[in-house]
Every structure is written in C-alpha cells, then in structure tokens.
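Fold and contact review
What follows is the residue order along each chain.
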Amino acid sequence: MTAVTGEIISFEEAIQKYDPVLGFEVHVELNTKTKMFSSAPNAFGDVPNTNVTPVDLGLPGVLPVVNGVAVESAIKIGLALNCSIAEKCYFARKNYFYPDTPKNFQTSQYEDPIAYDGSIDIELADGTVFTVEIERAHMEEDAGKLTHMGGSTGRIQGAEYSLVDYNRAGVPLIEIVTKPIEGAGARAPELAKAYVAVIREIVKNLGVSDARMERGNVRCDANVSLRPHGREQFGTRTETKNVNSLRAVEHAVRYEIQRHAAVLDTGTPILQETRHWHEDTRSTTSGRPKSDADDYRYFPEPDLVPVVTNEAWIAKLRAELPEPPAERRKRLQADWEYSDAEFRDVVNAGVMSSIEDTVAAGVSASVARKWWMGEISRRARLAELEPAELGVTPELIVELQGLIDAGRINDKLSRDVLDGVLAGEGTPTEVVEQRGLAVVSDDGPLLEAIDGALAAQPDVAEKIRGGKIQAVGAIVGGVMKATRGQADAGRVRELILQRLGVEG
C-alpha cells in the first residue's frame, strides 16, 4: 500500500515507481553599470524607485537602446556554455500584465536567441558526470520587485497591500534554458543543485554577474515531471519559480518528485502550473496555470534593431574567457595542495569560490579551508543556509586569523568574536575590546588559576610528577575553564610543568 504523508510519498518509493525528467531555467542578473534598455543605474540596495527612467516606466513616446556590454556578456555566457552564437538575433515583446512590469510587456527574445545548442558537464559528489544540454541562452530584462505588506507570510495571499520598487525593472537578465534532462533517477535533486552551482560559478568567473543568490542575482525555475519507468513520453511538468539558493533547489526538486508521485498514484493528472517554494516548510504551493508561448502573444520588438555578430567579435570575446570550470578546479587543487578528498569536500560544500577569495585576501589555503569547512559551515548547517549566505567576508576571516596569529585571541575565543561581528557589534578587533575577549597574557592570573586547578586535582598533579606528562591536559582544561577560555593553552602548559618541577 502506498504510504502517503500529507500530499507526498517517500522519495525512495517515488523513484522506484517513476522516472523523473528535469529542466532548468536559470536567470542571471548582469552587473552592468546601467540597465538593459535605459541609462538608469543598475545598483542593488538603493532607495526604492530612484534608479528609473521614463523607459523603465513604460511612459508614452520613449525608445529603448540596447546595452552593448550586456550583449557582450550574453555572448560570453553562451561561449562558456559551449553554445553556438547567432549571426543575427532579434528582440521580442512578451505580453502579460503584472504590477512589477509597468510596460505590460517584457522585452525578451523568442525565436532567435543570442546563444543556442550548448552543453555543460556536471560532476556530482562521487565523480559521476552528467552532460546537461543547453537549449538556449537569451537576453531579456528583469521585472520590478513587489513587497507584500500586512500578511504573515510575505506573500500576496493574505496581504493588505503591496509596494512596488521599479529599481530592478529593466536590469539586464540572461535566461539559460536546458533541454529536458533524463536519466538522473534518484540523483535528480543532487544534479539540480550541482547544475545551478556550476552556472553560478561560470557567471561569477566570467565577471558578468555578482552571482549572489541571496540577492536574486541567480534564480532558478525548476521544472519537474514524472513518467512510469519504460515510457518514452514525458509527463506533465510543473515549474517551481525563483528558487534562490542551492539548498532550496535541491529540496524543491526532491519535494516535487514526491508530490507528483503521490498525485499520480491516485490516478489524478498533474496540473501544468507554476509552484512557489516555501523554505520554512520545505514544500511548494500552487501558483498559476503555466502559460504556453502562445499565451504571451510574442511579436518582434519594433523599437529595436537586430543584434548582428561577426566572427572577429566572437573570437575577441572568446579570447577573454577565463579558464573552464574543470581546469580551474584542477589548478586550485594543485595551488592549495588539497588532497582529492579534501577538495571534493570543498566543492560539495559550495565554498570553493569563498576559499579562493579568502586566499586572495591574504591567508593560507589551509587556514581558509579551516574556516570555511569548519566554523562557517557548521553555522550554515544550523541556520539551514549556504555558507556564503551567512555574511562572512574574506576580509573578516583575514582579520580574525590575524588576531589569532598575534596571540590576542585563541581558536575558542575567535568563535565568540565571530558571534559579535555577525550580531553587528563591529569589526573583530572592536568586538575583542568591547567584550573583553583578549587572551590573558599576564602570568599572575594564570598562576593563580593553575594553583586552583592543581589543588582541585591532586591525584592528577601526582601523576604528572611521576612522569605522566600527558595528564597535564586535565589541569590545562581546568585553567581554561577558570579563565573562560581566555588563556594561552601553550603558556598554561609551560607554567604547570614549572610549578610541578617537571621538564616537558
């Protein structure tokens, strides 16, 4: 009998019965200085509705102008994805009404994308490689941002009113669309996460996007359908919209596989629709019936001329490409002198770029790995975030490690300092001063604590006098407890041995 929990069945049972087919539409915001079709600044976090022009607001009589840098960025993305680049391509109007699109249409590309027919190899944790085929990468503009007020969920359902910020309207956007991905089976969620991670890595290394998922620079629409094993025809798909973290992409695909299977088991057809991902419940809810291309009434954009490329221009841009992801990983592993297992763990944790930036900021590769794979990853797991989403910067790690190297704090105290920094109390140095976290360097208080620890553990003291030097750790522990971790363990050990007249 099928074990249904709410609206889903177990993932293992779903995979046993059905074959998942995936598809991804990844939207990449470009980091150009200005917007796609206007001179308005392209900047994150500015005062709402200040980075707008009449073009962005769709006022009568305005004419758009294509951002040339955005076109070159689109070509670079296409080349990095091993795509063919169109000799001539056109913009089109995608017609729909929504409050964050004041023109009532989005300027996009339809029949003639700038890049098409590419592929990218995706390596999973155990070294298995999937080749994901790219159908197209096309240029378009982003919509504005709606903030729904008065409700408990931040969504439009239950909200009293909505605020709209058009600063994002018109920001250059590249949409990367895969062909259907078959054969992933039980590894579909893992492949989804790995694919988006590789796209993020590519666009960041190209320098065309800040690639900060928590800011929406990279967002994924994840398409999932199921079909019984042995059937060639695809099932009906759903599209989970605007998933903006690697962890969420993995969980959303997993959940939709389980939900689809539960629905199909009842004999009910899947509704082709968009879905909303809820991180708090790790579930999706229904959005709207999914439109087909005809519903958008695409037609050529009459106010923009075609984009025409040539071999010389493409060759110039190709020469500017950074090393491919696989070559970059080999180089970094060699430079950092990580073992295969260590480097694989770094890649799987999603901190390779963070470590690279931290090494460039001034610490060794081993120190950078210690921080990102240790304390930062631990905190990220507890918060159910990606490590890069915690707000820890390479400069912060460099300053923290500098305090440790200078003997002002130790590893234990550094965690308390990090707490203060993330709580907004200031820089690491300021937190050390404000919280009084500096290591005790005066031998007087240390000797007082040592005498107390020795008195509390006379049997241990006798063992040390008798030659069992390793027992000194118990006394060190007592001293560290008495000093709230603010003692230099090495100096404490020296003083204990001196106090007991033992050479260590």
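Keep in mind that this is a model prediction, so the values were computed, not measured.

1. With respect to the overall build of the protein
Counting its secondary structure elements, the protein contains 17 helices and 18 strands. Taking the principal axes of its C-alpha atoms as reference, the protein extends roughly 90 × 60 × 50 Å. The proportion of buried residues among the 504 residues of the protein is 47%. Per element, the accessible surface of the protein, about 24,000 Å² overall, is 50% carbon and sulfur.

2. Concerning the packing of aromatic side chains
Per the counting criterion, the structure on display carries seven aromatic pairs. Geometrically, the ring pair formed by Y96 and Y296 is edge-to-face, given 6.0 Å between the ring centres and 65° between the ring planes. Within this pair, whereas Y96 is found in the loop between β6 (92-95) and β7 (105-108), its partner Y296 is found in the loop between β16 (283-289) and β17 (299-300), the two being separated by 200 residues in sequence. A relative accessible area of 27% places Y96 in the partly exposed class. With a centroid separation of 6.2 Å and an interplanar angle of 50°, the aromatic rings of W336 and F343 are classed as tilted.

3. Examining the state of the cysteines
Enumeration according to the criterion identifies zero disulfides in this entry. C89 takes part in no disulfide bond, and the closest cysteine sulfur, belonging to C83, lies 13 Å away. Look at C89 and you get buried, because its relative accessible area is 0%. The closest cysteine sulfur to the non-disulfide-bonded C220 is located on C83, 16 Å from its own sulfur. For C220, a relative accessible area of 0% gives the class buried.

4. Quick look at the pairing of strand β13 (residues 218-228)
Along β13, 10 of the 11 residues are buried, which leaves the element largely enclosed by surrounding structure. Here strand β3 (residues 18-29) runs beside β13; their pairing, made up of 11 bridges, is antiparallel. Of the residues in β13, the one forming a bridge with E25 is D221. One ladder, built from four bridges, connects β13 with strand β14 (residues 238-243); its direction is antiparallel. Bridge pairing links V224 to T238 in β14.

5. Things to note about the packing of helix α4 (residues 188-206) against helix α5 (residues 246-265)
To describe two helices that pack against each other, one gives the angle between their axes and the distance between the axes. For the pair α4 and α5, the least separation of the axes is 8 Å and the interaxial angle reads 150°. Considering their axes alone, α4 and α5 lie roughly antiparallel with respect to each other. Regarding α4 and α5, the two cross each other, and that crossing is right-handed. Of α5, the residues touching α4 (which contributes A188, P189, E190, A192, K193, V196, A197 and R200) are L246, V249, E250, V253, R254 and I257.

6. A look at the domain arrangement of the protein
Split into domains, the protein comes out as domain 1 (11-313), domain 2 (322-435) and domain 3 (443-500). Each of domain 1 and domain 3 has a C-alpha centre, and the two are 60 Å apart.

7. With respect to the side chain of T53
Residue position: T53 is located in the loop between β3 and α2 (54-57). A residue is classified by how much of its surface remains accessible, and T53, at 16% relative accessible area, is buried. Those residues in contact with T53 that sit more than four places away from it in its chain are S38, S39 and A40.

8. A word on the sheet that holds β13
Spatially, β4-β8-β9-β12-β3-β13-β14-β15-β16 is the arrangement adopted by the nine strands of the open sheet, whose pairing is mixed. Two strands lie at the open edges of the sheet, namely β4 (84-85) and β16, each paired on one side alone. Contacts between α4 and the sheet are confined to β3, β8 (115-123), β9 (129-141), β12 (172-178) and β13, with β3 contributing the most and set at about 20° to the helix.

9. Focus on the sheet that holds β7
Two pairing modes exist for strands in a sheet, parallel and antiparallel, and in both the strands are linked by backbone hydrogen bonds. Read from one edge of the open sheet, three strands run β7-β6-β17, paired in antiparallel fashion. At either margin of the open sheet sits one strand with a lone partner, and together these are β7 and β17. Alignment of β6 against β17, held across two bridges, turns out to be antiparallel. Bridge pairing links A92 to P300 in β17.

10. Overview of unusual backbone geometry
The phi dihedral of N49 falls on the positive side, at around 60°, and the residue is not glycine. Of the residues examined, N49 reaches a relative accessible area of 36% and is grouped as partly exposed. Even without glycine at this site, D117 takes up a positive phi of about 55°. With respect to the element layout, D117 can be found in strand β8.

11. Points about the confidence of the model for the protein
In the predicted model, the protein carries a mean pLDDT of 90, and the fraction of residues at 70 or more is 94%. Within the model, pLDDT remains below 50 along residues 1-5, and this stretch shows nine contacts once partners closer than five positions in the same chain are excluded.

12. Quick look at the pattern of salt bridges
Here the structure, examined in full by the defined rule, presents 38 salt bridges. Its salt-bridge partner being E256, residue R275 comes within 3.8 Å of it at the nearest N-O pair. A residue pair is termed long-range when its members are at least 10 positions apart, and R275 in strand β15 (residues 273-278) and E256 in helix α5 qualify at 19 residues. In this pair, the class of R275 matches that of E256, namely buried. Here E273 ties to R275 by a salt bridge, and the two come within 2.7 Å at their closest N and O atoms. Each of E201, E323, R328, R329, R331, D335 and E356 takes part in one network of salt bridges that share partners.

13. A short note on the packing of helix α7 (residues 325-336) against helix α9 (residues 352-361)
Axis separation between α7 and α9 bottoms out at 12 Å; the angle between their running directions is 50°. Looking at the two axes, α7 sits oblique to α9. Remark: the crossing between α7 and α9 carries left-handed chirality. From α7, R328, R329, R331, L332 and W336 reach across to α9, where they touch M352, S353, I355, E356 and V359.

What counts and how
Residues numbered from 1 in each chain as written. Predicted model: local features only at pLDDT ≥ 70, side-chain atom pairs only at ≥ 80, totals over all residues. Heavy atoms only, no water. Helix = DSSP H or I, 4+ residues; strand = E, 2+ residues; numbered from the N terminus. Buried < 20%, exposed > 50% of the residue type's maximum accessible area, 1.4 Å probe, protein only. Areas by Shrake-Rupley, 256 points an atom, 1.4 Å probe, with all protein chains shown as cover. Phe/Tyr/Trp six-rings, centres within 6.5 Å; stacked < 30°, edge-to-face > 60°. Disulfide = S-S within 2.5 Å. Pairing = 2+ DSSP bridges. Axes fitted to C-alpha atoms, helices over the stretch in contact; angles between N-to-C directions. Parallel < 35°, antiparallel > 145°, perpendicular 65-115°, else oblique. Left-handed = near helix turned anticlockwise from the far one by under 90°. Contact = heavy atoms within 4.5 Å. Domains from an automatic or database assignment. pLDDT = per-residue confidence, 0-100. Salt bridge = Lys/Arg side-chain N within 4 Å of Asp/Glu carboxyl O.

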